[in-house]
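Okay, here's what each chain looks like letter by letter:
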Amino acid sequence: VIHKGKFPERDETIKFGDSVLNCALPILRILKSQPYSSALGQLTMESVCKRASAERQKGLETATMAMPTFLCFCTADEPSSVENAVANYAKQPDYEDYVKKMQAFSRIYVPG
C-alpha cells in the first residue's frame, strides 16, 4: 500500500535511506548532546521501569535487552551512509541462537 506495489531497486532504496539519514543525523546529534542526553537517558529508564513494574504487577518476570541500530541514542558511531550501516549490520553475529539460549536458560533458572 505504501509503495503502491512497487518495490524499489537496491540503489534507489539506499539513496532514499541516505536522504532520511541526512535529515535524522542533525536531530540525533542534538539529542545526544548535553543537556538532552541526560534527560533522554532518564526518560528511557523511567519508561523501562514503568513497563517492568506493570508486568511484575501481573506476576510476570521481566528482563531487558538492547539491540542498537545505526540511528540509536546508545551508539557513539554515526554511519557515513546507509550502505556502510547495512554492511556493518551484516557483520553482526546471528542473535537468533543467542536468544534461544537465553530462553532455555530462563526456563531452568528459578530466582530465590
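Source: prediction; values computed, not measured.

Engineer: Mind showing me how you'd approach a nonpolar patch on the surface here?
Structural biologist: Residues Met65, Met67, Tyr95, Tyr98, Val99, Met102, Phe105 and Ile108 make up a contiguous nonpolar surface patch of about 770 Å² in total accessible area. As for its position among the elements, Met65 is in the loop between helix H2 (36–57) and helix H3 (82–90). Its relative accessible area of 48% is what places Met65 among the partly exposed residues.

Engineer: I'm lost on the layout of surface pockets in this one. Help?
Structural biologist: Where empty space is left in the structure can be found by rolling a water-sized probe over the atoms. Taken as a whole, the largest pocket spans an internal volume of roughly 540 Å³. Lining the largest pocket we find 21 residues, and of these Thr44, Met45, Val48, Ala66 and Cys74 sit closest to its centre. Mapped onto the lining of the largest pocket, the elements with two or more residues apiece are helix H1 (10–32) and H2. By residue number, the principal contributor to the lining of the largest pocket is H2, which donates nine residues. Of the residues contributing to the lining of the largest pocket, the split by class is 13 nonpolar, six polar and two charged.

Engineer: Just to check I follow, could you spell out the nonpolar core for this structure?
Structural biologist: Here is a general trend for soluble globular proteins: nonpolar side chains tend to be buried in one another's company. Counting residues in hydrophobic clusters, the biggest one holds five residues: Ile14, Leu21, Leu25, Leu28 and Val82. Sequence-distant contacts of Val82, that is, excluding residues within four places in its chain, are made with Ile14, Gly17, Asp18 and Leu21.

Engineer: Would you take a moment to explain unusual backbone geometry for this structure?
Structural biologist: Glycine aside, residues mostly have negative phi, and peptide bonds are mostly found in the trans state. Cis geometry marks the peptide bond from Gln34 to Pro35, where omega comes out at 0 degrees. Counting through the fold element by element, Pro35 comes out in the loop between H1 and H2.

Engineer: What exactly am I supposed to notice about H1 here?
Structural biologist: One full turn of an α-helix is made of 3.6 residues, so residues set three or four places apart face in the same direction. The largest bend in H1 is about 30 degrees, located at Ala24, with the proline Pro26 one to four residues further on. Within H1, burial applies to Ile14, Gly17, Leu21, Leu25 and Leu28. Here the buried face of H1 lies against H3.

Rules behind the numbers
Residues numbered from 1 in each chain as written. Predicted model: local features only at pLDDT ≥ 70, side-chain atom pairs only at ≥ 80, totals over all residues. Heavy atoms only, no water. Patch = residues over 30% accessible without salt bridge, like charges linked within 9 Å, V, L, I, M, F, W, Y side chains within 5 Å. Areas by Shrake-Rupley, 256 points an atom, 1.4 Å probe, with all protein chains shown as cover. Salt bridge = Lys/Arg side-chain N within 4 Å of Asp/Glu carboxyl O. Helix = DSSP H or I, 4+ residues; strand = E, 2+ residues; numbered from the N terminus. Buried < 20%, exposed > 50% of the residue type's maximum accessible area, 1.4 Å probe, protein only. 1 Å grid on protein atoms, 1.4 Å probe; cavity = no way out; pocket = protein on both sides within 12 Å on 5 of 7 lines; lining within 4 Å. Points joined across faces, edges and corners; volume = space filled by probe spheres on them. Nonpolar A, V, L, I, M, F, W, Y, C, P; charged D, E, K, R; others polar. Core = buried A, V, L, I, M, F, W, Y, C linked by side-chain atoms within 4.5 Å. Contact = heavy atoms within 4.5 Å. Bend = angle between axes of the 7 residues up to and from the residue.

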